[in-house]
Amino acid sequence: RNALIVGGRETIGRRQFSATRVNWIAGTPPADRFDASVQVRYHAPRVKAQISCSSPTEVRVELTALEPGIAPGQSAVFYLDDLCLGGGIITL
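Scope of this entry: the structure provided in the associated data block. Small disclaimer: the values here were computed from a predicted structure and weren't measured. (Residues numbered from 1 in each chain as written. Predicted model: local features only at pLDDT ≥ 70, side-chain atom pairs only at ≥ 80, totals over all residues. Heavy atoms only, no water.)

### Some remarks on the packing of aromatic side chains
Now for step 1: A complete count under the given rule lists 2 aromatic pairs for this structure.
Now for step 2: Aromatic pair Trp 24 and Phe 34: ring centres 5.9 Å apart, planes at 70°, arrangement edge-to-face. Taken as a pair, Trp 24 in strand S1 (residues 13-24) and Phe 34 in strand S2 (residues 33-39) lie far apart in primary sequence, 10 residues in all. One exposure class covers both Trp 24 and Phe 34, and it is buried. (Phe/Tyr/Trp six-rings, centres within 6.5 Å; stacked < 30°, edge-to-face > 60°. Helix = DSSP H or I, 4+ residues; strand = E, 2+ residues; numbered from the N terminus. Buried < 20%, exposed > 50% of the residue type's maximum accessible area, 1.4 Å probe, protein only.)

Below, the structure is given as structure tokens:
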């Protein structure tokens, strides 16, 4: 839409998003629904989340904390402790 929306910091946080084109390091997701941590920006801290797979390449992510700066087109990377499980492209 090419829109710039201005607001307070509390308005830019999200607790949920979807991701597509998910690539799993092991070839398949660990389960249909599982707990993991998610990193949505380079050098951003990981946030605990519950991941629900709607297909092998599409997931719904529910974060335990409000996370600012989540935007379509960014990458979301999923971790179990220090093990990278995979990642996909955020679609909201």
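Moving on from the coordinates now.
### A word on the sheet that holds S1
Now for step 1: Taken in spatial order, the 6 strands of this closed barrel run S1-S4-S3-S2-S5-S6, and their pairing is antiparallel. Each neighbouring strand pair of the sheet contributes to a mean axis angle of 45°, computed without reference to strand direction.
Now for step 2: Where S2 meets strand S5 (residues 75-80), 3 bridges bridge the pair, whose relative direction is antiparallel. Within S5, the residue paired with Gln 39 across the bridge is Val 77. (Pairing = 2+ DSSP bridges. Axes fitted to C-alpha atoms, helices over the stretch in contact; angles between N-to-C directions.)

### Brief notes about the environment of Gly 69
Now for step 1: Looking at the secondary structure, you find Gly 69 in the loop between strand S4 (58-68) and S5.
Now for step 2: Classification of Gly 69 as partly exposed rests on a relative accessible area of 32%.
Now for step 3: The spacing of Gly 69 and Arg 41 is 28 residues in sequence and 8.2 Å in space, taken between C-alpha atoms.

### A short note on the environment of Ser 55
Now for step 1: Tracing the backbone through its elements, the reader meets Ser 55 in strand S3 (residues 47-55).
Now for step 2: Remark: the alpha-carbon pair of Ser 55 and Asp 32, spanning 23 residues in sequence, is separated by 8.5 Å.
Now for step 3: A polar contact is formed between the side chain of Ser 55 and the backbone nitrogen of Glu 58, at a distance of 3.2 Å. (Polar contact = N/O pair within 3.5 Å; in protein donor to acceptor, adjacent residues only side chain to side chain.)

### Comments concerning the side chain of Ser 18
Now for step 1: Tracing the backbone shows Ser 18 in strand S1.
Now for step 2: A polar atom in the side chain of Ser 18 sits 2.8 Å from the side chain of Arg 60.
Now for step 3: Beyond its immediate stretch of four places on either side in the chain, Ser 18 contacts Val 59, Arg 60, Ile 89, Ile 90, Thr 91 and Leu 92. (Contact = heavy atoms within 4.5 Å.)

### Details of the pairing of S2
Now for step 1: In terms of burial, S2 is a largely internal element, 5 of the 7 residues being buried.
Now for step 2: Inspection of the sheet shows S2 paired to S3 by 6 bridges, in the antiparallel sense. From the neighbouring strand, Ala 36 faces S3, where its bridge partner is Ala 49.

### A word on the nonpolar core
Now for step 1: Phe 17, Val 38, Ile 51, Val 59, Val 61 and Phe 78 are the most contacted members of the largest nonpolar core, which totals 20 residues.
Now for step 2: Those elements that place two or more of their residues in this core are S1, S2, S3, S4, S5 and strand S6 (83-90).
Now for step 3: Those residues within four positions of Ile 51 in sequence are excluded, and the remaining contacts are Asp 32, Arg 33, Phe 34, Ala 36, Val 38, Val 59, Arg 60, Val 61 and Phe 78. (Core = buried A, V, L, I, M, F, W, Y, C linked by side-chain atoms within 4.5 Å.)

Any link to function would need more than the numbers given here.
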